[in-house]
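Overview (structure and organization)
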Amino acid sequence: MQGASLTLRDIACRRGDNLLFRGLSFALVGGQALHLTGANGIGKSSLIRIIAGLLPAYRGSVEREGAVALLDERPALDPHLPLGRALAFWQRLDGPEDNQAARLGLSDLMDVPVRYLSTGQKKRAALARLIGQRAPLWLLDEPLNGLDAKGVALVETLVAEHCRGGGICVIASHQPISLADVRRLAIADHAA
Amino acid sequence: MSTLGTLLLRDLKQLLLGGRRGGTLLPVLFFIAVAMLYPFAVGPDAPVLARTGGGVLWIAALLAAILPLDRLIEPDLELGLFDQWTLRGISEEMVIAVRVLAHWLSFAPPLMLAALPGAALVGIDGPTLRTVELGLLLGTPGLAALGVTVAALTAGLRGGAALGGLLVIPLAVPLLVFGAGSLATGGESGLALCGAASLVLLAIAPFAGGAAIRAGRG
């Protein structure tokens, strides 16, 4: 994970006729985490998708060094498959991983079809997929939604560990997240 | 396992008989139903049935291929799978190409098998059946490519399934003209042109489908 970096220069984002924000710049290197804050609809998810390269920026440039892993509101797991097999699909693409299931509280759910999982359980399953990708750049879009207090603490631990290992983490969340040395960026400061 | 193999295996599990997206059974039943209804509508006039039966099988096959359209691309788009593939460097073009193959495997061989009882139902003779089967073999890859492309174009649109059907029909006309046309002339040039039309559609599909998925993001 050495050498991961993320640089945004003068990013502006337009959705339809609305300019959501402009002049947004920041740079992160391995080991740093950034918390994007702001009310609903201010453009947090759009910014995450711009960083991921899934949405073109209206203006500005994004430079990424290292692979990107994305966690958003969609777990990207086949709903009808048992959780174990749905995760196995991504393992075949990402390569085998050390088993995180027990830690994420998923061990007993491996035979349960994904569509029967609760919101929080789906989020944990998506986290397992995210970790399995072993990408240095984590983009988390509202990772705390649907998680209980234990789940929130787990996400905080995972992010801290990821950064200690030299990874970068960008978290978009309207909820507070307690992390040591996390930088905060309020998108409202750049609202157009 | 390679990326291609992993993707193809997942697609086949979803699309084949017993898979969640049931791409096999519905088109086959529809195809047989049309072949069964046709003699009722036209009447028991054996020469008329024998002369027109091949063409009816072709139309039935074309319409049957439209049935699974809405389940080809849209569910994966909604699940966020395409975004995850893109982040892993798996291009949309590759996913679409694999899906064309899986879609073809899930509907064309069963349809060609169903053409055997279908031929008996509309009363066409052996050589005609042979031409129909050859035509289907050459034409269905093009139909699969067209179906996946249109499914990618209409994914996420309201009423996308109905619109998809309407888009496929005019674009499938060359396949039908050459494929079913080979029955009338009994010539092989029709079959060759049907195969050529198929190849063109196959060549375009991954790029058109991939571009459609990227354009639909946002």
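Residues numbered from 1 in each chain as written. Chains lettered and ligands numbered in written order. Predicted model: local features only at pLDDT ≥ 70, side-chain atom pairs only at ≥ 80, totals over all residues.

In the nomenclature of an unreviewed UniProt entry, chain B corresponds to Heme exporter protein B from the organism Novosphingobium kunmingense. According to its UniProt record, chain B has this under Function (unreviewed entry): "Required for the export of heme to the periplasm for the biogenesis of c-type cytochromes." Per UniProt, chain B has the following entry under Sequence similarities (unreviewed entry): "Belongs to the CcmB/CycW/HelB family." (UniProt positions renumbered as here; feature names shortened; annotations may be inferred.)

As annotated in an unreviewed UniProt entry, chain A carries the name Heme exporter protein A and comes from Novosphingobium kunmingense.

Remark on secondary structure: sheet strands pair via backbone hydrogen bonds, oriented parallel or antiparallel. Residue and element names in this part refer to chain A. Sheet architecture is open: 5 strands sit in the order β5-β6-β7-β3-β8, paired in parallel fashion. The sheet is open, and its two borders are formed by β5 (68-71) and β8 (182-186), each paired with just one other strand. Going across the sheet, the axis of each strand differs from the next one's by a mean of 15°, ignoring polarity. Note that strand β6 (residues 137-141) and strand β7 (residues 168-172) share 5 bridges and pair parallel. Across the sheet, W138 pairs through a bridge with C169, a residue of β7. Across the face of the sheet, helix α1 (residues 44-52) comes into contact with β3 (33-37), β5, β6 and β7 while running at roughly 155° to β7. (Pairing = 2+ DSSP bridges. Helix = DSSP H or I, 4+ residues; strand = E, 2+ residues; numbered from the N terminus. Axes fitted to C-alpha atoms, helices over the stretch in contact; angles between N-to-C directions. Contact = placed C-beta atoms within 7 Å.)

Residues and elements named next belong to chain A. Here β6 lies mainly inside the structure; 5 of its 5 residues are buried. Covered by surrounding structure in β6 are L137, L139 and D141 together with W138 and L140, the residues of both alternating faces. Strand direction decides the pairing type here: β5 and β6, joined by 4 bridges, are parallel. Its bridge partner being in β6, V68 is matched across the sheet by L137. Crossover β6 to β7 through helix α4 (residues 149-164) is right-handed. (Buried ≥ 20, exposed ≤ 12 C-beta atoms within 10 Å, placed from the backbone. Right-handed = clockwise from strand over helix to strand, strands pointing away.)

Residue and element names in this part refer to chain A. Here R184 shows up in strand β8. C-beta crowding within 10 Å serves as the criterion here: with 11 such atoms nearby, R184 is assigned to the exposed category. R184 has contacts with H35 and T37, leaving out every residue within four places of it along the chain.

Attention shifts here to the interface of chain A and chain B. In this complex, chain A contributes 13 residues to the contact, which on the side of chain B involves 15 residues. Looking at the side of chain A that touches chain B, the elements with two or more residues in it are β5 and α2 (83-94) of chain A.

We now examine the UniProt feature "domain: ABC transporter" (unreviewed entry) in chain A. UniProt's feature table lists "domain: ABC transporter" (unreviewed entry) at residues 6-192 of chain A, given in the numbering used throughout. In residues 6-192 of chain A, helix accounts for 28% and strand for 28%; the two terminal C-alpha atoms are 23 Å from one another.

Okay, helix α3 (residues 119-133) of chain A next. With 15 residues, α3(A) extends 21 Å between its outermost C-alpha atoms, agreeing within 8% with the 21 Å of an ideal straight helix rising 1.5 Å per residue. Trailing α3(A) by a residue or two, R134(A) shows a phi angle of about 50°, which is positive. (Expected span 1.5 Å × (residues − 1).)

Once that is clear, we can look at the sheet that holds strand β1 (residues 5-15) of chain A. All names here are of chain A. Across the sheet, which stays open at both edges, the 3 strands sit in the order β2-β1-β4 with antiparallel pairing between neighbours. In this open sheet, the two edge strands, each paired with only one partner strand, are β2 (18-29) and β4 (59-65). Neighbour to neighbour, the strand axes of the sheet diverge by 20° on average, direction disregarded. Pairing of β1 with β2 involves 8 bridges; the strand directions are antiparallel. Across the sheet, S5 pairs through a bridge with V29, a residue of β2.

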